[in-house]
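Listed here are the chains, written in short residue letters.
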Amino acid sequence: MHTHTPVHRVAIVGTGTIGAGWATHYVVRGFDVTATDPAPTAETALRSYVAAAWDAAASIGLAPGASPDRLSFTTDMRQAVADADFVQENAPERPELKVKLFAGLDDATPPEAIIASSSSGITMSVIQAECRRPERTVIGHPFNPPHIVPLVEVVGGTRTAPQTIRDVMSFYAAIGKKPIHLKKELPGHVANRIQAALYREVVYLVQEGVLDVADSDDAVSWGPGLRWGVMGPHLLWHLGGGEGGIQHFMDTLMPRMVASWQDLRTPEFTPELKESIVDGVLEEAAGHSVDELAARRDAMLSALLAVRAQHDPSGPSSAAAGPDEKEGP
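Below, the structure is looked at part by part. This one's a predicted model, so the numbers in the text were calculated from it and none came from an experiment. (Residues numbered from 1 in each chain as written. Predicted model: local features only at pLDDT ≥ 70, side-chain atom pairs only at ≥ 80, totals over all residues. Heavy atoms only, no water.)

**Things to note about the sheet that holds strand β3 (residues 71-74)**
Taken together, eight strands build an open sheet; the order of strands is β3-β2-β1-β4-β5-β6-β7-β8 and the sheet is mixed. Each end of this open sheet is capped by a strand with a single partner; those strands are β3 and β8 (178-181). Geometrically, the sheet is characterised by an average inter-axis angle of 25 degrees between neighbouring strands, direction not taken into account. Contacts from helix α2 (residues 42-60) reach β2 (32-36) and β3 within the one sheet, and its direction differs from that of β3 by about 165 degrees. (Pairing = 2+ DSSP bridges. Helix = DSSP H or I, 4+ residues; strand = E, 2+ residues; numbered from the N terminus. Axes fitted to C-alpha atoms, helices over the stretch in contact; angles between N-to-C directions. Contact = heavy atoms within 4.5 Å.)

Structure below.
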């Protein structure tokens, strides 16, 4: 059985939006973090992101001793990962780049370290193809923004060790994430496929003139989106079945839902449809910048997580446990 080192030092490879969010989360949770990115302005952008995101992330779970001062940066990838116990990779979504990068990470990291990829669409079986130690490589795909949204999709490749999966699931859970284990690889993993299916129907309804852009957003965020913020669809259908629960729902209501699937459509994504969505979103944004809207989103998400923590014992831990106060891989 392969044994992984307890995690004290985390390396962040790639510091775009996802990498910066991960860096924020790990630093807030009390780890020593070394980030690396070849872009000439990467360090400045990263530190600005962490500073702006710190309060929101800290309100969810701040570990004793956590400090932005424990974030270091280097453009030398091998130096960044040389003493890492856990690597979170966030490079661009290009298979040939990921394969080459992981081969280099595999060579540069201590053999007991785990190497996780935030890849949203490329499978680990592809990414780990040229690794000498593929058993310690795994997908750890977050949902944006990683320093606030708890979900992490964990899925191994054909050569990932089962122990690695178990250790990664335990590690993410211990640092306030909500990991789910995908038992099969598939492009896009799970959460992105679910939201893509929803958005396909939303775009179709806009194209058909049923709703404008703002009303289609309201139809989701003020209706089912509110319920999905507290329970998933299966459990909600259990409630929808009344006293008979999910059995009654499946017996009496599900046949009608199955029949309705035939009416769902895929829109023809024309230049005109694209332009109408862009115009509709800009009108809905009402002059607020992307940063302003993101801050509003993050504040509401943090508040929702605080409410969930009071009512949902199965949710992620908000305890401010640093690497010295918990067990991990």
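That was the structure; now back to the text.
**What to know about a negative patch on the surface**
On the surface, a cluster of negative charge is contributed by Asp212, Asp215, Asp217, Asp218, Glu268, Glu272, Glu275, Asp279, Glu283 and Glu284. Contributions of two or more residues to the negative patch are made by α8 (213-221) and α12 (271-285). The element best represented in the negative patch is α12, accounting for five residues. As for its placement among the helices and strands, aspartate 217 is situated in helix α8. Judged by relative accessible area, aspartate 217 falls into the partly exposed class, the value being 34%. (Patch = residues over 30% accessible without salt bridge, like charges linked within 9 Å, V, L, I, M, F, W, Y side chains within 5 Å. Areas by Shrake-Rupley, 256 points an atom, 1.4 Å probe, with all protein chains shown as cover. Salt bridge = Lys/Arg side-chain N within 4 Å of Asp/Glu carboxyl O. Lys, Arg positive; Asp, Glu negative; His and termini not counted. Charge placed at Lys NZ, Arg CZ, Asp CG, Glu CD. Buried < 20%, exposed > 50% of the residue type's maximum accessible area, 1.4 Å probe, protein only.)

**Structural notes on the pairing of strand β6 (residues 137-142)**
The buried fraction of β6 amounts to six of the six residues, a majority that puts the element mostly inside the structure. Every second residue of β6 is oriented toward a common face, with Thr137, Ile139 and His141 on one face and Val138, Gly140 and Pro142 on the other, all of them buried. Across three bridges, strand β5 (residues 114-117) lies against β6 in parallel orientation. Note that in β6 the partner of serine 117 across the bridge is isoleucine 139. With five bridges joining them, β6 and strand β7 (residues 151-156) adopt antiparallel strand pairing. Counted as the bridge partner of histidine 141 is glutamate 153 from β7.

**Considerations on the layout of surface pockets**
One number sums up the size of the second largest pocket: a volume of about 370 Å³. In terms of lining, the second largest pocket is formed by 15 residues, of which the most central are Tyr49, Asp291, Ala294, Ala295 and Asp298. When residues of the lining of the second largest pocket are traced back to their parent elements, those giving at least two are α2 and α13 (290-311). At six residues, α13 tops the list of elements feeding residues into the lining of the second largest pocket. (1 Å grid on protein atoms, 1.4 Å probe; cavity = no way out; pocket = protein on both sides within 12 Å on 5 of 7 lines; lining within 4 Å. Points joined across faces, edges and corners; volume = space filled by probe spheres on them.)

**Some words on the nonpolar core**
Counting 33 residues, the largest nonpolar core has Tyr26, Phe86 and Tyr172 as its most contacted members. If you list the elements that add at least two residues to this core, you get β1 (9-13), α1 (17-28), β2, α2, β3, β5, β7 and α6 (162-174). Ala11, Ala91, Met124 and Cys131 belong to the second-largest nonpolar core, a separate cluster that totals 19 residues. (Core = buried A, V, L, I, M, F, W, Y, C linked by side-chain atoms within 4.5 Å.)

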